[in-house]
Amino acid sequence: MMSYEEWLNCILNAAQDISSRAFQEEAWKAEGNVASSPDEVYQVLMEDCTPDLFFETYGQTLTEEQTQCWGDLQSRLTSYYDRMSLYPDPAQVLTDPEWELVRQAAGRFVRAFNGRSRRRSE
């Protein structure tokens with residue numbers, strides 16, 4: 001099992017990618033330096049980082065704002081993912097107003113942890 005810090009950084013880095021249109025514009029194009037997709041940003045956060053288990057384990061140590069921001073991001077992201085086609089067009093996702101709401105929720109979530117993300121700052 002990851003340490004608290006490693007686990008939180010995994011979650012925050014994945015949420016940062018969801019919140020960053022610049023990351024998505026670069027990573028979702030075929031010739032981009034980073035390979036990603038609308039499906040992958042969901043999978044990295046929700047499957048690889050296991051945030052539900054993190055919040056179950058450490059939820060009592062987090063602030064109300066952090067917990068609320070997670071609930072909003074989780075709800076918006078899951079709802080969007082459930083409606084997404086099997087092979088979504090990244091260009092359509094990038095310009096979808098509903099995806100913008102997901103991005104904004106991810107940004108609020110990251111900021112609730114003081115914007116802490118060790119990998120990069122945007």
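Before any of the text, the structure's been laid out above.
To keep things clear, this report deals only with the structure shown in the data block. Keep in mind that what you see is a predicted model, and the values were worked out from it rather than measured.

Criteria and cut-off values
Residues numbered from 1 in each chain as written. Predicted model: local features only at pLDDT ≥ 70, side-chain atom pairs only at ≥ 80, totals over all residues. Heavy atoms only, no water. Salt bridge = Lys/Arg side-chain N within 4 Å of Asp/Glu carboxyl O. Helix = DSSP H or I, 4+ residues; strand = E, 2+ residues; numbered from the N terminus. Buried < 20%, exposed > 50% of the residue type's maximum accessible area, 1.4 Å probe, protein only. Axes fitted to C-alpha atoms, helices over the stretch in contact; angles between N-to-C directions. Parallel < 35°, antiparallel > 145°, perpendicular 65-115°, else oblique. Left-handed = near helix turned anticlockwise from the far one by under 90°. Contact = heavy atoms within 4.5 Å. Nonpolar A, V, L, I, M, F, W, Y, C, P; charged D, E, K, R; others polar. Core = buried A, V, L, I, M, F, W, Y, C linked by side-chain atoms within 4.5 Å. Polar contact = N/O pair within 3.5 Å; in protein donor to acceptor, adjacent residues only side chain to side chain.

1. Some remarks on the pattern of salt bridges
Going through the model one piece at a time under the given rule, you end up with 5 salt bridges. One salt bridge in this structure joins glutamate 100 and arginine 103, with 2.7 Å as the shortest N-O distance. In this pair, glutamate 100 and arginine 103 both sit in helix α7 (residues 97–112), 3 residues apart, roughly one turn of the helix. By relative accessible area, which is 3% here, arginine 103 ends up buried. A network of salt bridges, in which partner residues are shared, links Asp72, Arg76 and Arg108.

2. Describing the packing of helix α4 (residues 51–58) against helix α5 (residues 64–83)
Closest axis-to-axis distance for the α4/α5 pair is 12 Å, and the angle between their directions is 160°. With respect to each other, α4 and α5 are oriented roughly antiparallel. For the pair α4 and α5, the crossing hand works out as left-handed. Residues Pro51, Asp52 and Phe55 of α4 pack against Gln66, Trp70 and Gln74 of α5. For the contact of α4 with α5, the per-class residue count stands at 3 nonpolar, 2 polar and 1 charged.

3. Description of the nonpolar core
Leu45, Leu73, Leu77, Trp99 and Phe109 are the most contacted members of the largest nonpolar core, which has 35 residues in total. Elements represented by at least two residues in this core include exactly α1 (4–19), α2 (21–27), α3 (38–48), α4, α5, α6 (90–95) and α7. Ignoring any residue separated from it by four or fewer positions in sequence, one finds leucine 73 in contact with Ala15, Leu45, Val102, Ala105, Ala106 and Phe109.

4. Let's talk about the environment of threonine 57
One can find threonine 57 in helix α4. Considered as a pair, threonine 57 and alanine 15 are 42 residues apart in the sequence and their alpha carbons are 19 Å apart. A distance of 2.8 Å separates a polar side-chain atom of threonine 57 from the backbone oxygen of leucine 53.

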